[in-house]
Amino acid sequence: MPRDKIPKLFDGSIDELTKPTKPSKPKKERNLKKEKMQKTLYVSRDMNVKLIQLYAEEGRRQSAIVEDAVNLYYYLRLALGEKKFEELLSAVKREDPEFLRDYISKLKP
């Protein structure tokens, strides 16, 4: 069998085979506040009207308003505790700004 018919398995040097691989790049830390994702948000027609009014008054995107609302909900819940937070939500659900203003003034120490 002629020598040129034998396939070559490796054309490089031994050093190339034994040199260490390049270190992999470390993963970047993700900034979750700047990373956006699309979600479907189902809201009542009343809530949509309120969102549109806020959008018109604030001049911001609805998604920014929703993010602020979620942050407000989340941190109020952490700060007030479950019982006080449920009381606050029931006051909000009355949809009476004066009642809510009085309730919040009582929360202040």
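All values reported here derive from a predicted model rather than from experimental measurement.

Conventions we followed
- Residues numbered from 1 in each chain as written.
- Predicted model: local features only at pLDDT ≥ 70, side-chain atom pairs only at ≥ 80, totals over all residues.
- Heavy atoms only, no water.
- Helix = DSSP H or I, 4+ residues; strand = E, 2+ residues; numbered from the N terminus.
- Contact = heavy atoms within 4.5 Å.
- Areas by Shrake-Rupley, 256 points an atom, 1.4 Å probe, with all protein chains shown as cover.
- Salt bridge = Lys/Arg side-chain N within 4 Å of Asp/Glu carboxyl O.
- Buried < 20%, exposed > 50% of the residue type's maximum accessible area, 1.4 Å probe, protein only.
- Phe/Tyr/Trp six-rings, centres within 6.5 Å; stacked < 30°, edge-to-face > 60°.
- Lys NZ or Arg CZ within 6 Å of the ring centre and 35° of its normal.
- pLDDT = per-residue confidence, 0-100.
- Axes fitted to C-alpha atoms, helices over the stretch in contact; angles between N-to-C directions.
- Parallel < 35°, antiparallel > 145°, perpendicular 65-115°, else oblique.
- Nonpolar A, V, L, I, M, F, W, Y, C, P; charged D, E, K, R; others polar.

What follows concerns the overall build of the protein. Helix and strand counts for the protein come out as five helices and zero strands. For the protein, the N- to C-terminal ordering of α and β elements is α-α-α-α-α. Look at the contacts in the protein between residues 6 or more apart in sequence, and 13% of them connect residues 24 or more apart. Of the roughly 11200 Å² of accessible surface on the protein, 56% is carried by carbon and sulfur atoms.

With that out of the way, let us pick up the pattern of salt bridges. For the structure shown, the criterion picks out seven salt bridges. A salt bridge links Lys50 to Asp46; the shortest N-O distance between them is 3.0 Å. Note that Lys50 and Asp46 are positioned in helix H2 (residues 45-58) at a spacing of four residues, about one turn of the helix. With relative accessibility at 30%, the residue Lys50 sits in the partly exposed group. The closest approach of N and O atoms between Lys50 and Glu95, which form a salt bridge, is 3.4 Å. On the criterion of sequence distance, the pair formed by Lys50 in helix H2 and Glu95 in the loop between helix H4 (82-93) and helix H5 (97-107) is long-range, its members being 45 residues apart. What emerges from the salt-bridge pattern is a single network uniting Asp46, Lys50 and Glu95.

For the rest of this paragraph, the subject is the packing of aromatic side chains. Given two aromatic rings, their pairing is described by the distance between the two centres and the angle made by the two planes. Tallied over the entire structure, the rule returns two aromatic pairs. Note on Tyr74 and Tyr75: the rings are 4.9 Å apart at their centroids and 85° apart in plane angle, and the pair reads as edge-to-face. Take Tyr74: its relative accessible area is 46%, and that puts it in the partly exposed class. Here the basic side chain of Arg94 rests over the ring of Phe99, its NZ or CZ set 3.9 Å away from the ring centre.

Attention now goes to the confidence of the model for the protein. Across the protein, the average pLDDT comes to 83, with 89% of residues at 70 or higher. When the elements of the protein are averaged for pLDDT, helix H1 (residues 14-18) gives the smallest value, 72, and H4 the largest, 93.

When glycine is set aside, most residues are seen to have a negative phi, and most peptide bonds are trans. At Glu95, a residue that is not glycine, the phi angle is positive and equals roughly 55°. Assessed through its relative accessible area of 56%, Glu95 is described here as exposed.

Our focus in this paragraph is the packing of H2 against helix H3 (residues 62-80). The interhelical angle for the contact between H2 and H3, taken along N-to-C directions, is 110°, at an axis separation of 9 Å. One way to sum up the angle between H2 and H3 is to call them roughly perpendicular. Counting all contacts with H2, which are made through Leu51, Ile52, Leu54 and Tyr55, the residues of H3 involved are Gln62, Ile65 and Val66. Residue composition of the contact of H2 with H3, by class: six nonpolar, one polar and no charged.

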